[in-house]
Amino acid sequence: MTTLKTLRERHIPFASLRYTTEAFIDYCIPECAPKFNYALIGSGVSQNPDQPVSLRDLHGFQVGGVSMPHGKTNPPHLHFTCEVFICYRGRWKLMWGFDPGHESAEFGEGDIATVPTWIYRSFTNVGVDDGFMFTALGGDDNGGILWGPSTLRAAAEQGVHLTEDYRIIDERKGQRIEPGTRMLEPMTPAEIAGLRRWAPAQMARRIVRFADLQWSSEALLDSELPGRGGRMAAVIGLGMAQDRAIEAPVSNAHGLSIEWLSLPPGGSLSRHRLAEKQVMILKQGQVELSVEADDGELRQSLNGRQTEGWDSFAVPGNCWRSLRNTGADEALVLLLTSGDHRKRIEWDDEVVAAAAEAGLVHDASGFIAPRRFVDRGTRTGSVRRRPAPRC
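Residues numbered from 1 in each chain as written. Predicted model: local features only at pLDDT ≥ 70, side-chain atom pairs only at ≥ 80, totals over all residues. Heavy atoms only, no water.

Draft legend 1. Structural view of the overall build of the protein chain. Each helix and strand in the protein chain was counted, giving 6 helices and 28 strands. Against the globule reference of 21 Å for 391 residues, the protein chain gives a C-alpha radius of gyration of 23 Å, in line with a compact fold. Along the first, second and third principal axes, the C-alpha set of the protein chain runs to 75 × 45 × 40 Å. In the protein chain, which comprises 391 residues, the proportion classed as buried is 55%. At a minimum sequence separation of 6, the contacts of the protein chain that also span at least 24 residues come to 73%. (Helix = DSSP H or I, 4+ residues; strand = E, 2+ residues; numbered from the N terminus. Rg over C-alpha atoms; globule rule 2.2 N^0.38 Å. Buried < 20%, exposed > 50% of the residue type's maximum accessible area, 1.4 Å probe, protein only. Contact = heavy atoms within 4.5 Å.)

Take a look at the structure:
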């Protein structure tokens, strides 16, 4: 059951975010600290049991955030599920390999970089002091994190150690390594050498530049209806866009899809629902999100401003929702939706009827198509609807 109370708990204003500077063992390494780690959806791979978490509801993926001053570095580490860096402010240098040398590439505001699993990676803030990235990790259980040998050595030199069960022991705080405690064993040089190597050209294809996005103004059934005007650009995986020509630059399985949605001033996204859970992170502008619960309708304003931060909302599956640009400028919304499959939008009956009147329907694959051709193929002008449970 979805109630107005539970919906309000899924609104994550940027101003409400709480961080820890001791999420990981690198907090003691001078060139790495301070680093501000945020957990919006799930606790991520934090090794701090006191990590603040905005929403613990399982989504099939997790969303976090990271900020650190210019010149500070997150040291080499490895993940077992996808790790996606979503730059909302500043400029960052991504490094990978560490065998023992590394490759690197830079990316900036609006760019999204997805790092393959089972590869050591690191990143440095090469931009403004308050640079900020949202992050996405695949899976509810992402298997934790493996630190590179150099990271564990640097921490040990500061008197901070990591046990085999990922407990941090900080000798500077009077903590001691008890007899029989098993410490985390890093990969050997030979094991690291056995990992797949990613050339700069290969990694470049996994950094989706905002300037290179392929926008579609026919991505949604309601895009051409009066007062709508939504456009979409795919980034990762199979999302909810309904234009058959859209292809995500990164197509391998991540456990989620990532897309950009643009709404013009006065534009809107009509009443619809998805079976999947979806996280919206506003990048730019101001929108009003309407989500229907069993006991009423929540209308929530979301803002995205460089000076004040970027609000988020985690929409439950099978809930009717709509979105309206209430600002004077274009609104940009990042959509993270659970699952590797293509998502099927269920539109309100009035939207389906209005689109059909304008000559647009869904074909058998769920893509937008001219009604006259679909009617010829099916010998009927009716539009079939998928039954879905009530939110």
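Let's pick the thread back up.
Draft legend 2. Fine view of the packing of aromatic side chains. Across all of its chains, the model carries 17 aromatic pairs by this definition. A ring pair is formed by Y88 and F134, whose centres lie 4.9 Å apart and whose planes are at 80 degrees; its orientation type is edge-to-face. One end of the pair, Y88, is in strand β7 (residues 83–89); the other, F134, is in strand β12 (residues 132–138), and 46 residues separate them in sequence. Feature note: the residues F14, Y19, F36, Y38, Y88, F132, F134, F210, W215, W260 and W310 constitute an aromatic cluster, connected by ring pairs. One cation-aromatic arrangement involves R271 over W320; the distance from NZ or CZ to the ring centre is 4.1 Å. (Phe/Tyr/Trp six-rings, centres within 6.5 Å; stacked < 30°, edge-to-face > 60°. Lys NZ or Arg CZ within 6 Å of the ring centre and 35° of its normal.)

Draft legend 3. Inspection of the nonpolar core at higher detail. Ranked by internal contacts, the top residues of the largest apolar core, which has 34 residues, are L220, M232, M240, L261, L289, L323 and W347. Listing elements by their share of this core, those giving two or more residues are α1 (4–8), β18 (256–263), β20 (278–293), β21 (296–305), β23 (312–315), β25 (331–338) and α5 (349–357). Element by element, the count of residues in this core is highest for β20, at 6 residues. With near-sequence residues (within four places) excluded, L323 lies in contact with L261, L263, S268, L269, M280, V287, E288, L289 and V333. (Core = buried A, V, L, I, M, F, W, Y, C linked by side-chain atoms within 4.5 Å.)

Draft legend 4. Expanded view of the pairing of strand β9 (residues 102–108). For strand β8 (residues 91–97) and β9, the ladder comprises 7 bridges, and the chain directions are antiparallel. Bridge assignment links W92 to a residue of β9, and that residue is F107. What sits between the antiparallel neighbours β8 and β9 is a turn of 4 residues, in which F98 has the positive phi angle 55 degrees. (Pairing = 2+ DSSP bridges.)

Draft legend 5. The arrangement of the state of the cysteines in detail. As enumerated under the stated definition, the model contains 0 disulfides in all. For the unlinked cysteine C28, the closest cysteine sulfur is that of C32, found at 8.3 Å. Given a relative accessible area of 5%, C28 falls into the buried group. With no disulfide of its own, C82 has C87 as its nearest cysteine by sulfur position, at a separation of 18 Å. (Disulfide = S-S within 2.5 Å.)

Draft legend 6. Structural detail: the sheet that holds β9. Spatial strand order, β9-β8-β11-β6-β13: 5 strands in an open sheet with antiparallel pairing. Looking at the sheet topology across the chains shown, the edges are occupied by β9 and β13 (145–147). Taking each pair of neighbouring strands and ignoring which way they run, the sheet shows an average axis angle of 30 degrees. (Axes fitted to C-alpha atoms, helices over the stretch in contact; angles between N-to-C directions.)

Draft legend 7. Fine view of the side chain of T163. Here T163 shows up in the loop between β14 (160–162) and β15 (168–170). When its relative accessible area of 0% is taken as the criterion, T163 is described as buried. Of the polar contacts made by the side chain of T163, one reaches the backbone nitrogen of R167; its length is 2.9 Å. Setting aside anything within four residues of it in sequence, one finds T163 in contact with I169, T181, R182, M183 and L184. (Polar contact = N/O pair within 3.5 Å; in protein donor to acceptor, adjacent residues only side chain to side chain.)

Draft legend 8. Inspection of empty space enclosed by the protein at higher detail. Enumeration according to the criterion identifies 4 cavities of 30 Å³ or more in this entry. Space inside the largest cavity adds up to approximately 310 Å³. In terms of lining, the largest cavity is formed by 28 residues, of which the most central are F24, N37, V45, T135 and L137. Put simply, the parts of the chain that give the lining of the largest cavity at least two residues each are β3 (36–41), β5 (61–67), β6 (73–79), β7, β12 and β13. (1 Å grid on protein atoms, 1.4 Å probe; cavity = no way out; pocket = protein on both sides within 12 Å on 5 of 7 lines; lining within 4 Å. Points joined across faces, edges and corners; volume = space filled by probe spheres on them.)

Draft legend 9. Layout of the environment of L7. Tracing the chain through its elements places L7 in helix α1. Note on L7: relative accessible area 0%, which makes it buried. Expressed as a C-alpha distance, the spacing of L7 and L298, which sit 291 residues apart in the sequence, is 7.4 Å. Look past the residues within four positions of L7 in its chain and what remains in contact with it is T2, V291, E292, A293, L298, F313 and P316.

Draft legend 10. Local environment of the side chain of R89. The residue R89 is located in strand β7 in this model. For R89, the contacting residues outside a window of four places in its chain are V128, D130, G131, F132, Q306 and W310.

Draft legend 11. How the structure looks around helix α2 (residues 149–157). Turning to α2, its buried residues number three or more, namely P149, T151, L152, A154 and A155. Of the surrounding secondary structure, the elements contacted by the buried residues of α2 are β6, β13, β14 and α3 (189–193). Just downstream of α2, G159 is the residue with a positive phi angle, here 85 degrees.

Draft legend 12. Focus on the environment of F14. Residue placement: F14 occurs in the loop between β1 (11–12) and β2 (19–20). By relative accessible area, F14 is classed as buried at 16%. In this structure F14 touches F132, F134, E308, G309, W310 and D311, once residues within four positions along its chain are discounted.

Draft legend 13. The arrangement of the pattern of salt bridges in detail. Inspection of the entire model under this criterion finds 24 salt bridges. A salt bridge links R121 to E83, with the shortest nitrogen-to-oxygen separation between them at 2.7 Å. You can see R121 sitting in strand β11 (residues 121–125) and its partner E83 sitting in strand β7, a full 38 residues away along the chain. There is no split in this pair, since R121 and E83 are both buried. (Salt bridge = Lys/Arg side-chain N within 4 Å of Asp/Glu carboxyl O.)

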